[in-house]
Amino acid sequence: MARPWRKRSAWPYVAKSGKRSYRVGFYDHDRRERTKSFPSAHHAREWMRDHITAERRGRDSLRRFLLDLDAKEANEAEGRTIAEIVELFLETDAHPRNEEGLAPATYEQYVSALNSHLLGKPRRTRASRRRLPAAGYAAAIAATPAERFNRPQTPRAWREQMRQAGVPRSTRVCAWRALSSALSWASASASVPEIETNGCRLAKESVISTRRSARRGGTGYGLEVPPRSLASWALSPQAVEAIRAQMLNAGKRGDALFAYRDATIVSLQYGLATRNQEVWGLRWSSIDGYFAWITEVISYGRLEYGGKTAMSTRRHTAVPSILRDDLEQWRQTLANASHPARDMDFIIPGDLTGAGQGVRDPETGAVHLSRAQAKKWGQTRFKSAVQAVSQREEFAGIIDASPYSLRRGGISLRLRTEDPQIVASECGTSLKMLSDHYSFPIEDLRHHEPRPAHAEWRAARRALGDQRAQERKPRRRQGIFGRFPTRREHGQRA
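Thresholds applied
Residues numbered from 1 in each chain as written. Predicted model: local features only at pLDDT ≥ 70, side-chain atom pairs only at ≥ 80, totals over all residues. Heavy atoms only, no water. Axes fitted to C-alpha atoms, helices over the stretch in contact; angles between N-to-C directions. Helix = DSSP H or I, 4+ residues; strand = E, 2+ residues; numbered from the N terminus. Parallel < 35°, antiparallel > 145°, perpendicular 65-115°, else oblique. Contact = heavy atoms within 4.5 Å. Nonpolar A, V, L, I, M, F, W, Y, C, P; charged D, E, K, R; others polar. Left-handed = near helix turned anticlockwise from the far one by under 90°. Buried < 20%, exposed > 50% of the residue type's maximum accessible area, 1.4 Å probe, protein only. Phe/Tyr/Trp six-rings, centres within 6.5 Å; stacked < 30°, edge-to-face > 60°. Pairing = 2+ DSSP bridges. Core = buried A, V, L, I, M, F, W, Y, C linked by side-chain atoms within 4.5 Å.

Focus on the packing of helix α12 (residues 237–252) against helix α16 (residues 371–389)
Where α12 meets α16, the closest approach of the two axes is 9 Å, and the angle between their N-to-C directions is 105°. As summarised for this structure, α12 and α16 are arranged roughly perpendicular, according to the angle between their axes. Listed contacts from α16 to Ala-242, Ile-243, Gln-246 and Met-247 of α12 are Trp-377, Arg-381, Phe-382, Ala-385, Val-386, Ala-388 and Val-389. The class makeup of the residues in the contact of α12 with α16 is nine nonpolar, one polar and one charged.

Shown next, in the form of structure tokens:
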């Protein structure tokens, strides 16, 4: 191959502006003629010598020299780390305050998973909240150049390190999805030239294992702890009524207002089969005759007009007659306590404990529950009632029930007699979700034919009332003379 040469034009070439340049002709690694300009003859001659040296070593060396690949790789190695890219993603794209940002719950899950397992930040234990040092693999991956995540090998290695460290499968899946979301954003953003493609998507293998041991959350051996029972996963009307009765009985020993509030929450979520955040957003104006309109939710203590899914808000669902009775009684209880119960007020107000409690809606002046109040209700009020009811032998299986078990139970009860398409529409979900997560057989109702949901619920309340009345009847004196009639009974028989 010919050596570099001076271009036949004047050397140096003088432009109209008076600026000089020294042009050199050469052949590249593909044997194409090229031209390169230099500001001085010294720089031109030095580059020509380097070109000759690289060309004598071979075509690959010449290509590396001409494309300056050594400097490019060095710059990439000194570029931003994946931790810097992820922090940028969380701040400029994923934060809920940004346009098209993540939902607060999703954002919090992403931040928690990424902080502990990718950003190399100190962790806290769930129980004692004790501060733990950063995981070794997390600190190492945080310092990895972001450029390496253009390929699938680095994300795969990180996922395997989490598995070997004993990170639960659900946490690994959440962290993987968070990283994939960050890489997808970075690959489409002009502010992150280090990322050209999403390396997580190039890893074609499934993130979720289909092995039986993975589905159970353990090893290939059998589980040492029994799984959650169906009775606690989807509550039956008998269990719901027992929980309500326990709450009302607790009110006799304390504040009856809070007892009625707790029982009303249970009735609302079970009767309307709503999500937790949808219960807190219901106003008295939401109840329109025989239907309830789900238009607002309380998500992380904020009043929002968009629910968890596209179908979750701006829908209406039928109100059972027994629920209408409970709501009328609750509204009257609020009026007796001199608490406002206007149409614009929330059915479950947040200021029952005082004027400074809850969160006030600036548009209507109504007060709804704060995030802490909503979280505390499930962890204390509902849980304590469930634990008390589970002491009875027939309800021992509901010990692990959560407030969301009311929604599952309410939907399962409706599916016994109603069209699934109507149930899916009124409950803000899809037919596939009904089939996969909400359609459960209710063991307490297997002894008779299916009846409408409101009839089953009312029958359960009536049966519980009859049982309580029977228990309150005085028992006949038993003892050595229990087998013989009294004198009055003997005389009546005579």
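Details of the packing of helix α13 (residues 256–272) against helix α15 (residues 321–336)
One can describe the packing of α13 onto α15 by two numbers: an axis separation of 10 Å at closest approach and a directional angle of 155°. The angle between α13 and α15 places the two elements in the roughly antiparallel class. Pair α13 / α15 crosses with left-handed handedness. Taking contact as the criterion, the partners of Leu-257, Tyr-260, Arg-261, Thr-264, Ser-267, Leu-268, Gly-271 and Leu-272 in α13 are, on α15, Leu-323, Asp-326, Leu-327, Gln-329, Trp-330, Thr-333 and Leu-334. In terms of residue class, the contact of α13 with α15 is made up of eight nonpolar, five polar and two charged.

Observations regarding the environment of Ile-422
Residue position: Ile-422 is located in helix α18 (residues 420–427). According to the relative accessible area criterion, Ile-422 is partly exposed, its value standing at 43%.

Some thoughts on the packing of aromatic side chains
In this description, an aromatic ring pair is defined by two values, namely the gap between the centres and the angle between the planes. Considering all chains together, one arrives at ten aromatic pairs under this definition. Where Phe-26 meets Trp-47, the ring centres are 4.9 Å apart and the plane angle is 65°; that geometry is what we call edge-to-face. Here Trp-47 lies in helix α1 (residues 41–57) and Phe-26 lies in strand β3 (residues 20–27), a separation of 21 residues in the sequence. Note on Trp-47: relative accessible area 12%, which makes it buried. Between Trp-158 and Trp-176, the ring centres sit 6.5 Å apart and the planes meet at 15°, which makes this aromatic pair stacked. With a gap of 18 residues between them, Trp-158 in helix α7 (residues 153–164) and Trp-176 in helix α8 (residues 169–188) connect regions that are remote in the sequence. Take Trp-158 and Trp-176: they sit in the same class, and that class is buried. Aromatic ring contacts, followed pair by pair, group Phe-26, Phe-38, Trp-47 and Phe-65 into a single cluster.

Some details on the pairing of strand β11 (residues 315–318)
By the alternation rule, side chains of β11 split into Arg-315 and Thr-317, which are all buried, and His-316 and Ala-318, of which none is buried. In this sheet, β11 lies alongside strand β8 (residues 291–294) in antiparallel orientation, the contact comprising four bridges. Bridge pairing links Ile-294 to Arg-315 in β11.

Overview of the nonpolar core
Soluble globular proteins tend to pack their nonpolar side chains together in the buried interior. Core analysis: the biggest nonpolar cluster contains 45 residues, and Leu-235, Ile-243, Leu-268 and Phe-382 have the highest contact counts within it. Secondary structure elements with two or more residues in this core: α12, α13, α14 (276–280), β8, α15, α16, α17 (404–415) and α20 (453–472). Ignoring anything within four residues of it in the chain, the contact list for Ile-243 reads Leu-235, Val-266, Phe-382, Ala-385, Val-386, Val-389 and Ile-398.

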